[in-house]
Amino acid sequence: MTEHVPPETRLTDGPDAGLSPPGRRPPAEEADVIVVGAGPSGATTAYYLAQSGLDVLLLEKARFPREKVCGDGLTPRAVKALVGMGVSVSEEDGWLHNKGLRVIGAGKRMELPWPELASYPGYGLVRTRHDLDETLARRAQKAGARLLEGVTVIGPVLDERTGRITGVTARPSDNGDERTYAARVVVAADGNSSRLSVAMGLRKRDDRPLGVAVRTYYKTPRHDDDYLESWLDLWDGDRLLPGYGWIFGMGDGTSNVGLGMLNTSAAFGNTDYHALLRQWLKGMPAEWGFTEENRTAPIRGAALPMGFNRTPHYYQGLLLVGDAGGMVNPFNGEGIAYAMESGELLARTIVQALARARRAETERVLAGYPHALSQAYGGYYALGRVFVKAIGRPGLMRFATRHSMSRPALMGFALKLLANLTDTRGDAADRLVNGLSKLAPNPE
Ligand SMILES: Cc1cc2nc3c(=O)[nH]c(=O)nc-3n(C[C@H](O)[C@H](O)[C@H](O)COP(=O)(O)OP(=O)(O)OC[C@H]3O[C@@H](n4cnc5c(N)ncnc54)[C@H](O)[C@@H]3O)c2cc1C
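Keep in mind the model is a prediction, meaning the values are calculated, not measured.

(A) Spotlight on the packing of aromatic side chains. Inspection of the entire model under this criterion finds 13 aromatic pairs. Aromatic pair F331 and Y380: ring centres 4.9 Å apart, planes at 40°, arrangement tilted. Here F331, found in the loop between β21 (318-320) and α6 (336-354), pairs with Y380, found in helix α8 (residues 369-391); they are 49 residues apart in sequence, far enough to count as distant. Residue Y380 is classed as buried on the basis of its relative accessible area, which comes to 3%. Between Y338 and Y381, the aromatic rings sit 6.0 Å apart at their centres with planes inclined by 55°, giving tilted as the arrangement. Separated by 43 residues along the polypeptide, Y338 in helix α6 and Y381 in helix α8 bring together distant segments of the chain. Using a relative accessible area of 0% as the deciding quantity, one classes Y338 as buried. In textbook terms, an aromatic cluster arises when at least three aromatic residues are bridged by ring pairs, as seen for F308, F331, Y338, Y377, Y380, Y381 and F387. One cation-aromatic arrangement involves R127 over W95; the distance from NZ or CZ to the ring centre is 4.9 Å.

(B) Inspection of the environment of W288 at higher detail. Within the secondary structure, W288 is located in the loop between α5 (273-282) and β19 (300-305). Judged by its relative accessible area of 14%, W288 is buried. Taking the C-alpha atoms as reference points, W288 and T220, separated by 68 residues in sequence, lie 5.6 Å from one another. In this view, W288 contacts R109, K219, T220, P221, R222, W231 and I247; residues no more than four positions away in its chain are not counted.

How each quantity is defined
Residues numbered from 1 in each chain as written. Predicted model: local features only at pLDDT ≥ 70, side-chain atom pairs only at ≥ 80, totals over all residues. Heavy atoms only, no water. Phe/Tyr/Trp six-rings, centres within 6.5 Å; stacked < 30°, edge-to-face > 60°. Helix = DSSP H or I, 4+ residues; strand = E, 2+ residues; numbered from the N terminus. Buried < 20%, exposed > 50% of the residue type's maximum accessible area, 1.4 Å probe, protein only. Lys NZ or Arg CZ within 6 Å of the ring centre and 35° of its normal. Contact = heavy atoms within 4.5 Å.

Here it is in structure tokens:
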């Protein structure tokens, strides 16, 4: 099979990009599956693939441990995914447990415990991505995946005749010689920008939600909070600011404090998010310590790709997982659980596909992945897209906050809906959320 890397599909344009003379490149290192990116989605995919006996190359441009811009909050959905991968989430192992979500809005505060369900544990967690991502990558490695750190994938290798991806080219992140890796299928787990997907022609969809959020850390006495705290309205004196905020105690003397906005908000795209964070925090009680002197990290931001905002999830041998496939929950901005769940789903699909004797059969199984994703989240994300449109209208959002914050039963239902935490055969609230998700139109 001839290898062909059209210049327009390269991910970086270094001075010598594309100059390796054909035929002089060393032979490709081979695997059954290449996973590009070892964040939660890539590490989970690689873990389940390796556990099933497949030879997996997990290519990661950074070296662990490394930072990632995040709120560091894990709901019971994420706890379940971590437990499923054999991660010990005890407090002795450094995980801060929480009991639920404290919601602050319309001048009120309400503590909503995580629901008691058969399907999910009754607690959430907090852990820095510095620790979490390394833990997951090492789990994948321990299961047998070949993790190569400090390797930046720069482009797909395509079959000249069919245009199908047959591998990737990569280079040491500190700039060494280009190498080629070959596999039967390639997984894009390279996050929100997913340059590998873009190189294959898969761009973000404008008709799907997108968030932007910033966060930093402060030394604060509030660091060992046993609730995640979510702010539904942000105030600068008596001026309502756009966006939503969070304060998550890290249990290590600091809190992760941040805010975000959705692309349905009028202020999206023309807001100075760093200034917005400072304006909001100005109004916080002095004893919480959210001041410049107590800030322990830079304010950093990134995008949250939501509600399947990149499709199709399978195209020409390339499978998209986690943020690369736009899988953040549009209701609450949670992405880690969905990255891990979609990783497991994808791995199980690939294992079945590669076990088929004929190529056409393999292809049929792989082509079922977008449908399986749609079955798992499609209806719920479709509801999420309606929700995102509605809360883009500040008047409607203020009305909903004012009316729901004095109704604990309604907020209990809202928590189940927003965090996607229900049992299949649960109570009336569970049945309502599940029913609405089923009814929602669900295009793949
Ligand atoms: C400000 C903010 C706050 C958030 N808060 C939360 C929260 O509290 N809880 C929650 O559940 N979610 C949160 N999210 C969402 C969450 O961070 C993502 O959904 C999650 O990280 C997705 O995991 P992933 O593995 O798909 O992608 P990523 O975590 O982005 O991992 C992608 C990996 O690919 C690697 N990579 C990229 N390009 C290449 C390349 N060319 N070659 C090799 N490797 C490459 C990257 O280095 C990275 O390790 C937040 C997001 C933001 C921006």
